[in-house]
Each structure stands twice: as C-alpha cells, then as structure tokens.
Amino acid sequence: MRRREFLRGVLASVVYVACGSNSDRGQTTPDDVGSRPDGGTPGVDASAPVAPTSPEAESHRVFPQGVASGDPRPDRVVLWTRVEPAEAGKTTKDDIELGYVIAKDESLTQIVARGTLTAKASADHTVRLVPTELEAGRFYHYRFEVAGSDPAKPTTTQVGRTKTAPAEGADVPVSFAFCSCQDRIGRYWHSWKALLDENPELDFVMFLGDYIYESVNDARFQQQDPERSITLPDGMDTSPAQDKSRIAAATLADYRTLYKAYRKDPLLREVQRLWPFIITWDDHEFADDCWQDHSTSFNELDPITKGFTDEKNTERRTAANRAFSEFQPIDVVYKENLAFPFDIQIYRKLSYGKHVDIFMTDQRSYRSDHVIPEGPTDVAVGKLTNNSSNGSRYFVRKSVFDQREADKKPTLLGAEQKKWFLDAVKASKATWKVWGNEVQVYEMALTLGKLPGVPDLVSYTVYVNADQWDGFRTERAEVLGALAQANVENLLVCTGDIHSFYAAELHVDFAKPTAKPVGVEYVTAGISSASLRALVDKTIPEGSVLRPVAENWAGSADKALMETNPHLKFADTDSYGFALMRIDGTKAEVTFVELSDPTQASGSVVGTRRFVTTAGSNKIVQT
C-alpha cells in the first residue's frame, strides 16, 4: 500500500512529535504500522511562558473527558484528550486546532515540546499525541489548550502526569495496578476512589478489558440509578421478547456516547490524569461473550421469527473498534479502509527494564465460536433448554465437553497472534514475562455435588465458564506446553473478566500436574461489575434444575472450587476491587484490594490479601 493510500484510510491517526535535538521536523502521521516517523512543530519558541492553567470547572467544561496517557515506552508515550466542540465555539462538523505543551515539571517551565495539532471531527474531536526522544524512566507533565475569544487566555486541560518506561536493561522494580470490568450503570467506582486515596507509587495501570459495557439497562446484572445511567442515541433492543428491557450499543454514535460518559466520571478522569494505562479489550467493548464479529445477545434466538439465528454484525463490530481506537491512549492505528478484523490490531509487547516484558493479547477478534451452540437443547452436555447460555457457555458438563472440544480444536488467539505470542515470550530475556490476559487460563472446574442441596441429576463436574480458556483446552495445552518445552521462566499471568479474586498455578495438563508449574495466574475482581456470585444468581432462573447451585453458592462455592481444582490456591467469588503488583529481580508481590458493595453510593476498603511468587518457583504463597 502506498503511503498516500494508507493515510486516506487512517482515522484518529497518531501524531508524533520529537522532543530531542531534531525538533524542527514537520508534524506527521505513521507511514505504516511498523514504521512511525517522528515529527515536531517547526518554529515553536519553547522558552515563551505558557498561559495559566484553567480552573477545573472551566477545563472540564471544554475538555469533559480530561486527559489520559498510555503505552509507555522508554522514549515515548501516548497522550490523549477530547475537546467538546460546542464548548469551544465550534460545530460538530468542524475540525479544531489545539495547542499542547510537554514539560519535565508540573508547572510547565522545563518545556521539551510545544506546538499544535488538529482534533478532527471524523474522530469525534479526540487526539492522540506521541512525544518521542524522551528520557527513560521519568515523569513528564503535559497539557492541551484551545483558543477562546482572547487568544492570550486559552482554555486548558488540567495538567496531566505520565511516566516513561525504564531503559532496556535497567535493574529497577516495576509497580502497577491491574484491573478490569467497570460497569457504570447503577454502580459506583469505590475502587478508583480507593486507588486515588492510597495514591501508590505506580509505573502504570494495566486495564484488562470491559472498560465500557455495551448494555445500559440489563436487569440481569445492572441496577437502575438516575445518577449512574446512560441514554444511547440509537441503541438496539437485545431482549428476547423485544420489549426494550435490554438496550445495547449498536452504532458508532452509541459506542462514542458510552466512552464519553465513562471518561467524564471525575474518579476515572483523575486516575487517568495521574497514571498511564496499558489496556486491552475484552467482550463488553463490543458485546457480551462475543467472538469475532458475532454477539451472543439473543443466544441464537431470532426475536422476530423465534427460530435460530446467526448473530453476526460486522458493522456493529467495526463501530466498536473505531470508537475504542478514538477514546483510548493506545499506540495503534485504526484503518478505515480495511475490513474487520484487519481494521485494528491491538496485541503488542511493551518492555520495562531488565525484569519485565509485557504481552497484551486480543482474545476476541480471532477466536472461534463456542463449542456448544446456544440454540438447540443438548441434554448430554447439560444444556436443558433452547437458546440458553447455561449448558453452552456456563455450567457445561466437563466429561462430554472435553471430547467435543478435542474434536473441534477451536482457537482463542488465532494462528497469527498465537505465533507472535509464543515467539515473543520465548525470545524474552526479561526476568518476568507478564501476560496481560483477558479471560482465565487456569482450569476452573466445579463438582456441583460439592454444593449443598444440588440434586443428583446435576451433581456432575462442570466448567463454570467455557467462554474462558476452559472452552479452548487444546490450544491452552499447546500454548503452555510450548512455553514449558522452551524452558520459559517466570510466566506471570494477570487476568480480569470474571469479577472475582483468584490465585492459581498453571499446568499443561491440569489432570496431571507437574512438580513445577508452567507459571502462575492472578485474577482481579471487577472494579464495579456484578460479582460472580451475583451473576450466577441472575443467570440461573427460578424453576431450573440448576437453581440450587445459585441458592447454595454463598459460603460453599469458594471451598468447592478449591477442592475441585488443587492448582487453585485462593478463591473469592463474591468480591469487588483491584490488584496491586510489585516486581523485582527476585519476586512478584500481589495485593488484592477488596471494596464494598458498588451499588451503594458510599463505599470503603473491606480488606486485602497478599501473595508472593518467588522468581524461579512458579508457585503461589499467601502471606
């Protein structure tokens, strides 16, 4: 593809500006995904004083989503903002010129770059700016501004803070928070407040998916609260009865509306002002339990004809991808002229000094369909009704599923991404290989008979969630087996998705564990999304033969899970919060921070659990 053709196809393109000695080069966008030339704004006087920073209320009126940064590397980082056109005296169709300043100090006196860039109407007036030639392992501060009626008094964002990654080979510890699943509908973000109150010394925040939720009124896991509601401009009715009881995002305008509402929240806005994010998506950035460009909103029930249907919707998937690229400080390019899944690639590697290499994966764009169809009844595997997730994705009978999965051999990563991941991890020289992973790797089987009150008819062993890696057992064994055979040391998996805290040791074959595991996995609870216990209660309807599972989950499930899975060293299935990680050359220390009920307007820290994995052990010890 020629450069001009490529640039015509790029939306929300990343603008690069050099902060080194060659800062007289012109502003530019990348020629292609693998080659990204630096640029700068010529003729800028960095010594000239900057205008005062606007008061917070004024900043947030014109820049309601504040500022954010992400994907730190030793020499660069992505900076982000969005300007509200009406508040800047423009229409939604106008491109808007913004100024920026990047400095080594919060008062913006030690300026390293200064210039202008354009917030394009086609990108919903979002911008991503990447300063390059920065110093490794240090804080930088930045600000955007837009001219008002008086050019000498622009309206500015608040001053953002970010931090570059340490230099290659730097023998320094790395600290970060990892988190996921921040449903906003009817829920409060006590987790973000707790992080802000504690204000730990972090290098970054790793976000492992479900940054937004595509649904805005799904009573199965969302509560109605006027203070925590969102109205979509378009929306689609995803309720099987077509009674508008479940409305979800369907268009680009819908997905943009969700990001704008989430990013406008004062707590999230402040977290992203203070720390750079390293982010991937999971399912709710498009649709619950999605695969490629298919949703599972109707469990294969056509709401009009009441027959079975294929839920493929490429236009909706493309809209979700584009909105993600516009609203996240991520160092990738969205390509409008390429069809899904080639419009965006988000799997990537980031390095943090001598001890940490990070591998962020995409476990939705390339995965196969679920092994068990949601549509027809399938009693053998535990699917007792048509058009149900129970028995297809959840509470799937293990003995039957294992054989069917072995026959189909579905993929979760896709061939190209899997090869990239295995090659990159095996080639890593870092002490720790940190996998930013969306859905649980460890085997999460549950013998239902271990729960009180469960009838003999369903006392068999199930996979709690076959949307996770349990639904892709063959590929999981292939991936972990390849890493074990290559003698990869210190695989450290950070996971979200399931709204619970877990700590587990990983094996190629969980039925035949080896003395030394392949790696360890730490799973964080959701920032605010309904806990696994709450989801089970809502997922299994009254009258179902599985209903005793839901009714006896509390006080029994955690123990039953650990008895069924010897590799599982800690389980808390009714929890909310986030995790903190500190890594050095000898150990990885993890703290689970549990928060109180997010459906209540006020909240507090309930407690913490601490774990350590010593380098070379691949073992979990609770401290």
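Sequence order as written defines the numbering, with residues in each chain counted from 1. Since the coordinates come from a predicted model, pLDDT governs what is reported: local features require at least 70, and pairs of side-chain atoms require 80 or more to be given and counted, while whole-chain, interface and lining totals use all residues. Based on all heavy atoms of the structure, the side-chain values leave hydrogens and waters out of the count.

Undergrad: Tell me about the sheet that holds strand β21 (residues 445-447), residues and numbers included.
TA: Read from one edge of the open sheet, 3 strands run β19-β22-β21, paired in antiparallel fashion. Only two strands of the sheet have a single neighbouring strand rather than two, namely β19 (394-397) and β21. Taken pair by pair, the neighbouring strands of this sheet meet at an average axis angle of 40 degrees, ignoring direction. At least two bridges found by DSSP between two strands is the condition for calling them paired. Runs of E in the DSSP output that reach at least two residues are strands. Runs of H or I that reach at least four are helices, and both are numbered from the N terminus. Lines fitted to C-alpha atoms define the axes, with helix axes restricted to the stretch in contact, and inter-axis angles between N-to-C directions lie between 0 and 180 degrees.

Undergrad: Hey, could you go over helix α5 (residues 266-274) for me, with residue numbers and the actual values?
TA: Within α5 the residues assigned to the buried category are L268, R269, V271, Q272, R273 and L274. Contacts described as polar in this section are N or O atom pairs within 3.5 Å, which, within protein, must combine one atom able to donate a hydrogen with one able to accept it, while residues neighboring in sequence count only if both atoms come from side chains. Its side-chain oxygen 2.9 Å from the backbone nitrogen of L267, D265 forms the N-cap of α5. Accessibility here uses a 1.4 Å probe with only protein chains present; expressed as a share of the type maximum, an area under 20% marks a residue as buried, one over 50% as exposed, and anything in between as partly exposed.

Undergrad: How would you sum up the packing of helix α4 (residues 252-264) against helix α6 (residues 314-327)? Please name residues and give values.
TA: For the pair α4 and α6, interaxial distance at closest approach is 8 Å and the crossing angle is 35 degrees. Handedness of the crossing formed by α4 with α6: right-handed. Packed against α4, whose contacting residues are L252, Y255, R256, Y259, K260 and R263, the element α6 presents R316, A319, A320, R322, A323, F324, E326 and F327 at the interface. Per-class residue counts for the contact of α4 with α6 are 8 nonpolar, no polar and 6 charged. By convention, the crossing between two helices is left-handed when the near helix turns anticlockwise from the far helix through less than a right angle, and right-handed when the turn is clockwise. Here a residue-residue contact requires only that any non-hydrogen atoms of the pair lie within 4.5 Å. Residues were grouped as follows: Ala, Val, Leu, Ile, Met, Phe, Trp, Tyr, Cys and Pro as nonpolar; Asp, Glu, Lys and Arg as charged; and all remaining residues, including Gly, as polar.

Undergrad: Before we move on, could you go through the side chain of Q417 and cite the residues and values that matter?
TA: Along the polypeptide, Q417 turns up in helix α8 (residues 415-427). Here L413 takes part through its backbone oxygen, which lies 2.9 Å from a polar atom of the side chain of Q417. Setting aside chain neighbours within four positions, we find Q417 in contact with Y347, T361, D362 and Y366.

Undergrad: Tell me about unusual backbone geometry, and please be specific about residues and values.
TA: The step from F340 to P341 runs through a cis peptide bond, and the omega angle for that step is 5 degrees. With respect to the helices, strands and loops of the structure, P341 is situated in the loop between β16 (334-335) and β17 (348-352). With phi around 50 degrees, N299 is a residue other than glycine that occupies positive phi space. The buried category is assigned to N299, whose relative accessible area is 11%. Within the chain, N490 stands out as a residue other than glycine whose phi angle is a positive 60 degrees.

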